[in-house]
Amino acid sequence: MISSQIKRLLDITESYKVPIYLSASAEDSAIEVDNITSQAAHYYERIRYAIDYKDEDILQRSAIERIIKRKITFSSDTNDISKELISELIQAGYLPNGKIAQSSINIVQIVIDKTVIFMDLIRDMESGIKNTLFDSMIIGLCACEIEDILFPSVMKEAAADALYSYMRGNVTVVGSELSTYELEMQIYIASHKSLLKSDDTRLFYNMWIISYPEWINIDISDSENRKRLGEMSEQYLSIRENLKNQLKHPVQSKLIPKLRNHVIYFSAILGVLGKFGKEASGIFSNYDRLSDEVGGLISQKYIDEKKRVNKMAWRAVFYILITKIILALLIELPYDLFVANAINYLALGINIIFHPLLLIAITRSVVTMGEENTNRIISGVNDIVYGAEKKKIFLDVTDKKNILLYIVFILYSLLFVLSFGFIILMLNKLGFNWVGMVFFIFFLALVSFFGLRIRYIAKIWTVHVKNSGFIAFIWDVFTLPIIFLGRWLTEKFASINIFVFIMDFIIETPFKIFLKISDSFISLIKEKKEEIY
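As a starting point, this report considers the structure included with it. (Residues numbered from 1 in each chain as written. Predicted model: local features only at pLDDT ≥ 70, side-chain atom pairs only at ≥ 80, totals over all residues. Heavy atoms only, no water.)

**Looking at the packing of helix α3 (residues 59–74) against helix α4 (residues 81–91)**
Where α3 meets α4, the closest approach of the two axes is 10 Å, and the angle between their N-to-C directions is 140 degrees. Taken together, the axes of α3 and α4 lie oblique to each other. Where α3 crosses over α4, the two elements pack in a sense that is right-handed. Residues Ala-63, Ile-64, Ile-67, Arg-70, Lys-71 and Ile-72 of α3 touch α4, and the partners they reach there are Ile-81, Glu-84, Leu-85, Glu-88 and Leu-89. Its residues assigned to classes, the contact of α3 with α4 shows 7 nonpolar, no polar and 4 charged. (Axes fitted to C-alpha atoms, helices over the stretch in contact; angles between N-to-C directions. Helix = DSSP H or I, 4+ residues; strand = E, 2+ residues; numbered from the N terminus. Parallel < 35°, antiparallel > 145°, perpendicular 65-115°, else oblique. Left-handed = near helix turned anticlockwise from the far one by under 90°. Contact = heavy atoms within 4.5 Å. Nonpolar A, V, L, I, M, F, W, Y, C, P; charged D, E, K, R; others polar.)

Shown next as structure tokens:
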């Protein structure tokens, strides 16, 4: 018998229809942009994508946010943002050219108008953001809603909701007095983070919609809707802080790793649904057929993930190499010339080529999974689909403040000093000055974190069955300090990425104006040519 979660997924699959505004018709003409300007915009987006190391899953929403922020910053008129937003998304290659209907412009503009009014209401009430041009969280709400309109992912969201439903009542937390609502919220967040790689902006939007489901249907042309928008604005700041606290709850770091295998099984289920669509019911009602389809799907996923990992590795290498060359020319080389009065070509060369080569070596050592892992996935999928008994998940989040914890902290701090002390000693023997050492350690930490991240993604379809061996444990002991530093630097560098700032606020605005003028000019030439003939 098929479980209730899978039945719900099958019902959603069978009833889903693609929105009509995503497909132009004779009554609703398509939005078109010139191919020449599209190519230029597409290459620009690829360059920006290379220097802004964000997950692929949030690229299109990130582009929407970026365009809206730029339009609000540099334009006093917000009434025509939707048309330019959709055109730019088409130019950049996120949306197909000549396919999206003109009616989508009005639908998106309603969301933007609502957002602008909502921000004005928040500014009027909160002195802390009165002079702020825009609130990033509100822009995030707007971008997520527009993403759902232009890039609907109904099945993915339904699969994450199914994972949440499957785990509800199956998680017990020890050491924290969570209410039923808080625990279910934590399971919801972990499910979406794990399965869909949802970031805080997307999760905030989802939880905002849970709190205010009517948000999506608000049209500010209606007076009652404006009144309701005002009521929401009065609660916005308190709800925002509450939701932020939910996103940062310590249960998350414990729960997400426990969902790893379940995420693999639901991803496989989602893959089968995506392949067969409305015909999927016949597959899920047949045990042997489902097992065969899951096996074939996973075999193909191994191939696809290997290609994806290679792509991510080369993107990371490009990101590291370009950043290193620029910083070497701007800081390290001038320091050698004007302060140290000597260029250490060995140190300079090592600092440029060592880290990209290390990253290639780390990512190339990934091993593809085999038949045993595939059989585990098939078994896990069948357990979920046909309602096998669930295994309880117990999470211990007790605040362990005792002498043993302090001893562990001291040992780890010592390990941190030993790891970096050994590196500094070796660099000193090679003649590195302090600037060179800082760059070497900085990029070593980044490369270690990127490498670990890529290796983790490469094992995204690997079912976890037991803890790692002794050698792997020893390796983790000595590399974790470097990896943790890399993670911290990545998070901090993401917020102060000078290259992204230059692209967004110095290059992008005049470049987009140039493309807009060029597009108009090319369209005019084509019209005049048609008039002649």
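Structure shown, so let's carry the discussion forward.
**A closer look at helix α7 (residues 154–167)**
Taking 1.5 Å of rise per residue, the 14 residues of α7 would be expected to cover 20 Å, and the 20 Å separating its terminal C-alpha atoms lies within 8% of that figure. Along α7, 10 of the 14 residues are buried, which leaves the element largely enclosed by surrounding structure. Burial in α7 covers these residues: Met-155, Glu-157, Ala-158, Ala-159, Ala-160, Ala-162, Leu-163, Tyr-164, Tyr-166 and Met-167. Gly-169 sits one or two residues past α7 and shows a positive phi near 75 degrees. (Expected span 1.5 Å × (residues − 1). Buried < 20%, exposed > 50% of the residue type's maximum accessible area, 1.4 Å probe, protein only.)

**Re the packing of aromatic side chains**
Centre-to-centre distance and the angle between the planes together describe a pair of aromatic rings. Inspection of every chain in the model, using the stated rule, returns 16 aromatic pairs. A centroid spacing of 5.0 Å and a plane angle of 75 degrees characterise the contact between Phe-118 and Trp-215, whose relative ring orientation is edge-to-face. Of this pair, Phe-118 sits in helix α5 (residues 103–125) while Trp-215 sits in the loop between α9 (200–211) and α10 (223–247), placing them 97 residues apart in sequence. Across the pair, exposure class does not vary: Phe-118 and Trp-215 are buried alike. (Phe/Tyr/Trp six-rings, centres within 6.5 Å; stacked < 30°, edge-to-face > 60°.)

**Things to note about the nonpolar core**
Ile-146, Trp-208, Ile-269, Phe-284 and Ile-377 are the most contacted members of the largest nonpolar core, which totals 106 residues. Setting aside anything within four residues of it in sequence, one finds Trp-208 in contact with Phe-118, Leu-141, Trp-215, Met-232, Tyr-236, Ile-239 and Leu-243. The next biggest cluster of nonpolar side chains, apart from the first, holds 20 residues, and it includes Ile-320, Leu-359, Ile-457 and Ala-458. (Core = buried A, V, L, I, M, F, W, Y, C linked by side-chain atoms within 4.5 Å.)

**Re the packing of α5 against helix α6 (residues 136–150)**
Direction vectors running N to C along α5 and α6 enclose 165 degrees, while the axes themselves pass 10 Å from each other. Our classification of the angle between α5 and α6 gives roughly antiparallel. The element α5 and its partner α6 pack so that their crossing is right-handed. Counted together, Ser-104, Ile-107, Val-108, Val-111, Ile-112, Lys-114, Thr-115, Phe-118, Met-119 and Ile-122 of α5 and Ile-138, Ile-139, Cys-142, Glu-145, Ile-146, Ile-149 and Leu-150 of α6 form the full contact between these two elements. A per-class count over the contact of α5 with α6 returns 13 nonpolar, 2 polar and 2 charged.

**Considerations on the pattern of salt bridges**
Applying the stated criterion across every chain, the model contains 17 salt bridges. Among the salt bridges present, the one from Glu-147 reaches Arg-202, with a minimum N-O distance of 2.7 Å. Residue Glu-147 is found in helix α6, and its partner Arg-202 is found in helix α9; the two are separated by 55 residues along the sequence. A single burial state applies to Glu-147 and to Arg-202, both of which are buried. Among the ionic contacts, a cluster of salt bridges with common partners joins Arg-70, Lys-71, Glu-84 and Glu-88. (Salt bridge = Lys/Arg side-chain N within 4 Å of Asp/Glu carboxyl O.)

**What about helix α15 (residues 345–364)?**
Compared with the 28 Å implied by 1.5 Å per residue over 20 residues, the 28 Å span of α15 between its first and last C-alpha is a close match. At Ile-353, α15 shows its maximal bend, which comes to roughly 30 degrees, and the proline Pro-356 appears one to four places after that position. The complete set of buried residues in α15 reads Ala-347, Leu-348, Ile-350, Asn-351, His-355, Pro-356, Leu-359 and Thr-363. Close packing links the buried residues of α15 with α14 (287–338) and α18 (434–458). (Bend = angle between axes of the 7 residues up to and from the residue.)

**A short note on the pairing of strand β1 (residues 171–174)**
The alternating pattern of β1 places Val-171 and Val-173 on a buried face, while none of Thr-172 and Val-174, on the opposite face, is buried. As paired strands, β1 and strand β2 (residues 393–396) are joined by 4 bridges and run parallel to one another. Looking at the pairing, Val-171 lines up with Ile-393 of β2. (Pairing = 2+ DSSP bridges.)

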